[in-house]
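# Structural overview for review
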Amino acid sequence: MTHSPPIIDARGLWKKFGGLAVLKGVDLSVAERELVFIIGPSGSGKSTLLRCLNRLEEPDDGSIQVDGIELLSPKTDLNAARRRIGMVFQSFNLYPHMTARANVMLALRKVLGQDKDQAAQLAARALDRVGLAERMDHYPAQLSGGQQQRVAIARAIALEPRVMLFDEPTSALDPELVGGVLNVMRELRQDGMTMVVVSHEMAFAKAAADRVVFMADGQKLEEGPPAQIFDAPRHERTRAFIRQIDRH
Amino acid sequence: MDALNSFIFSFFNLKVMAQYLPLVAQGLGLTVVLALLIVVCGLALGLALAVIRSFGLRVLNWAIIFTVDVFRALPPLVIIVLLFFGLPAAGLSISGFAATWLSLTLVLMAFSEEIFWAGITAVPKGQWEAARSTGLSFLQTLRMVVLPQALRITVPPLTNRTIAITKGTALGSVVGVAEILGASQSAMSFSANPSPLTLGAIAYLVLFIPVVALGRWIETRFAWKR
Ligand SMILES: Nc1ncnc2c1ncn2[C@@H]1O[C@H](COP(=O)(O)OP(=O)(O)OP(=O)(O)O)[C@@H](O)[C@H]1O
Ligand SMILES: [Mg+2]
């Protein structure tokens, strides 16, 4: 693992919904070019943790640094910070009234301030990277789920983020479409993208993750290289979870 | 046959109709102007209120909801009469035209605000999150991601409601506005023959059938594959 300063350095994150504590003092540090996998039972706070990292969710306590920016400071320009943090959602969330290319172009134009030609060119390049150069002028409804998710990845990477957050990017896909999305993620990783992935794709985690974090009840229970978490977990709960996942 | 003849004489008296056609045509012109003013102002105000409501400022939203509910609850004719007879009592004179315009504008504002608001809230939260996660601001997201989708959802109920409320311009006849119905009624009393009312009905058809057709066209145009 590298020793450059971490891209993400989150400390002591607390998040409550009503009376329910969903994150109970979670720390997460992600080094440059690292791929961190987050696993854990449903409701353990994986999505909430990920969504705190770009402040879609407002933590009640703690600190988050992303690429040196204090994300929770009131002085931080949140919109400027967010373009450095790409996010991919389980439900794709493409803009249905825009073509694939227009989906990618929107933030290039409105956030980065690029002119139309430049944005169109960069959008085309990003869509080419995810293997959808041919489908640029299609609307989301004309694309398969797997293609839509790849457009969503293109929309995020076109902004050249410092880190990409994935929240169950393949969970809404038919099994035969999962591979295409995972391939794109694998290529991203090879290109040196820093990634935090919440997913149940254990084979992908074993093959591609540098580190696996196991969460339970709003806490980081255990973390380590995939071999350790999957083959020799220390905690009984981790063991039970892995066993359960392996049965699928 | 006598009954039929007398019916034709009363309602399809061509001589009377020819004589009062210009008057009713003027009424049609006035109705068009009144309707356009109501549609433009009512929809603009309704959209503005819905956008302000999306900021989620509690006290402001209470005020919006209260205003909107008042104008949705009151019969339009009551508002027209209140403005026309009430404002002069308060020292502000207002023409029948202005009273009709203002009343129906407020009613359309109220109904369209509710429709726009329903459209905005029908756009999935994920659309906001995706846009905000790329660094777009709240207003950019509202304008470029949420409103275009919300407006498409609102087109059918909005056209229906807009047509229903602009037909309310006929209420202006009560406060002396010479729109289609008002003009036809004057013509009817001048001529002592109800045929001008038939003209008036034809004028409404001439005006609103194209509007209804336009509504249908807008609905198909704005529908998009999901
Ligand atoms: N906006 C919210 N309001 C109230 N409760 C919420 C909200 N978001 C999440 N929660 C609750 O917080 C807990 C953790 O949710 P979270 O989505 O982070 O879990 P998760 O680990 O991602 O689960 P899953 O594997 O099912 O996606 C759950 O109990 C959930 O019901
Ligand atoms: Mg989740």
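Residues numbered from 1 in each chain as written. Chains lettered and ligands numbered in written order. Predicted model: local features only at pLDDT ≥ 70, side-chain atom pairs only at ≥ 80, totals over all residues. Heavy atoms only, no water.

### Some remarks on the packing of aromatic side chains
Here is the rule: The pairing test for Phe, Tyr and Trp rings, Trp by its six-membered ring, is centres within 6.5 Å, and the orientation test on the planes gives stacked under 30 degrees, edge-to-face over 60, and tilted for anything in between. Only protein chains enter the accessibility calculation, which uses a 1.4 Å probe; a residue is then buried when its area is under 20% of its type maximum, exposed when over 50%, and partly exposed in between. The rule is short: NZ of Lys or CZ of Arg within 6 Å of the ring centre and within 35 degrees of the ring normal puts a charge over the ring.
Summed over all chains, the structure comprises 9 aromatic pairs over all chains. Ring geometry for F84(B) against F85(B): centres 4.9 Å apart, planes inclined by 85 degrees, an arrangement best described as edge-to-face. We classify F85(B) as exposed; its relative accessible area is 53%. Stacked on the ring of F230(A), the Lys or Arg K206(A) has its end atom at 5.3 Å from the ring centre. Just above the ring of F111(B) sits the side chain of R161(B); from NZ or CZ to the centre is 3.9 Å.

### Topic: the site of ligand 1
Residues and elements named next belong to chain A. Counted only if it meets this: Working definition: residue near molecule or strand if any one of its non-hydrogen atoms lies within 4 Å of it. In protein, a polar contact requires one atom able to donate a hydrogen and another able to accept it; more generally it is a pair of N or O atoms within 3.5 Å, and residues adjacent in sequence count only if both atoms are side-chain atoms. Each accessible area value is a Shrake-Rupley result obtained with a 1.4 Å probe; residue values ignore everything except the protein chains displayed when judging cover. Numbering of helices and strands runs from the N terminus; a helix is a DSSP stretch of H or I covering at least four residues, while a strand is a stretch of E covering at least two. Note on residue categories: nonpolar means Ala, Val, Leu, Ile, Met, Phe, Trp, Tyr, Cys or Pro, charged means Asp, Glu, Lys or Arg, and polar means any other residue, Gly included.
The environment of ligand 1 is made up of F17, L20, V22, P41, S42, G43, S44, G45, K46, S47, T48 and E168. For ligand 1, an oxygen atom lies 2.8 Å from a polar atom in the backbone of G43. In isolation ligand 1 offers 640 Å² of accessible surface; the protein chains occlude 60% of this area. Taken together, the elements giving at least two residues each to the shell around ligand 1 come down to β2 (20–30) and α1 (46–52). For the shell around ligand 1, the element with the most residues is α1, which contributes 3 residues. Residues of the shell around ligand 1, tallied by class, amount to 4 nonpolar, 6 polar and 2 charged.

### Thoughts on the interface of chain A and chain B
The test is simple: Every residue pair with non-hydrogen atoms within 4.5 Å of one another is taken to be in contact. A quick way to say it: buried area is the sum, across both parts, of accessible area lost when two parts are put together, with a 1.4 Å probe. Salt bridges are counted wherever a side-chain nitrogen of Lys or Arg sits within 4 Å of a carboxyl oxygen of Asp or Glu.
Taken residue by residue, the interface counts 23 residues in chain A and 21 residues in chain B. Contact between chain A and chain B buries roughly 1,900 Å² in total, counting both sides, with carbon and sulfur atoms accounting for 59%. For the chain A face of the interface with chain B, the top three residues by lost area are Y95(A), P96(A) and H97(A), together amounting to 28%. Our count for the contact surface shared by chain A and chain B stands at 1 salt bridge. The salt bridge partner of E129(B) is R51(A), with a shortest N-O separation of 2.8 Å. Where chain A packs against chain B, one counts 6 residue pairs in polar contact (both at pLDDT 80 or more). Elements that contribute at least two residues to the side of chain A that touches chain B include exactly α2 (78–82), β6 (85–88) and α3 (100–110) of chain A.

### Thoughts on the UniProt feature "transmembrane region" (unreviewed entry) in chain B
Residues and elements named next belong to chain B. The test is simple: UniProt positions are given in the numbering used here, feature names are shortened, and annotations may be inferred rather than shown by experiment.
The UniProt entry lists residues 28–52 and 197–218 under the feature "transmembrane region" (unreviewed entry), expressed in the numbering used here. In this annotation, residues 28–52 is assigned 100% helix and 0% strand; the end-to-end C-alpha distance for the span is 36 Å. Each end of residues 197–218 is marked by a C-alpha atom, and these two atoms are 31 Å apart; helix forms 100% of the span and strand 0%.

### Re unusual backbone geometry
Residues and elements named next belong to chain A. A positive phi angle, near 70 degrees, is found at R33, a position not held by glycine. With respect to the secondary-structure elements, R33 resides in the loop between β2 and β3 (35–39). The phi torsion at D67 lies on the positive side, around 50 degrees, for a residue other than glycine. Inspection of the secondary structure assignment puts D67 in the loop between β4 (61–66) and β5 (69–70). When its relative accessible area of 24% is taken as the criterion, D67 is described as partly exposed.

### Points about the sheet that holds β4(A)
All names here are of chain A. What counts is decided by this rule: Paired strands, in this sense, are two strands between which DSSP finds at least two bridges.
One open sheet accounts for 4 strands, arranged β2-β1-β4-β5; its pairing is antiparallel. Both outer strands of the open sheet, β2 and β5, are each paired with one neighbouring strand and no more. Pairing geometry for strand β1 (residues 8–17) and β2, over 8 bridges, is antiparallel. From the neighbouring strand, I8 faces β2, where its bridge partner is V30.

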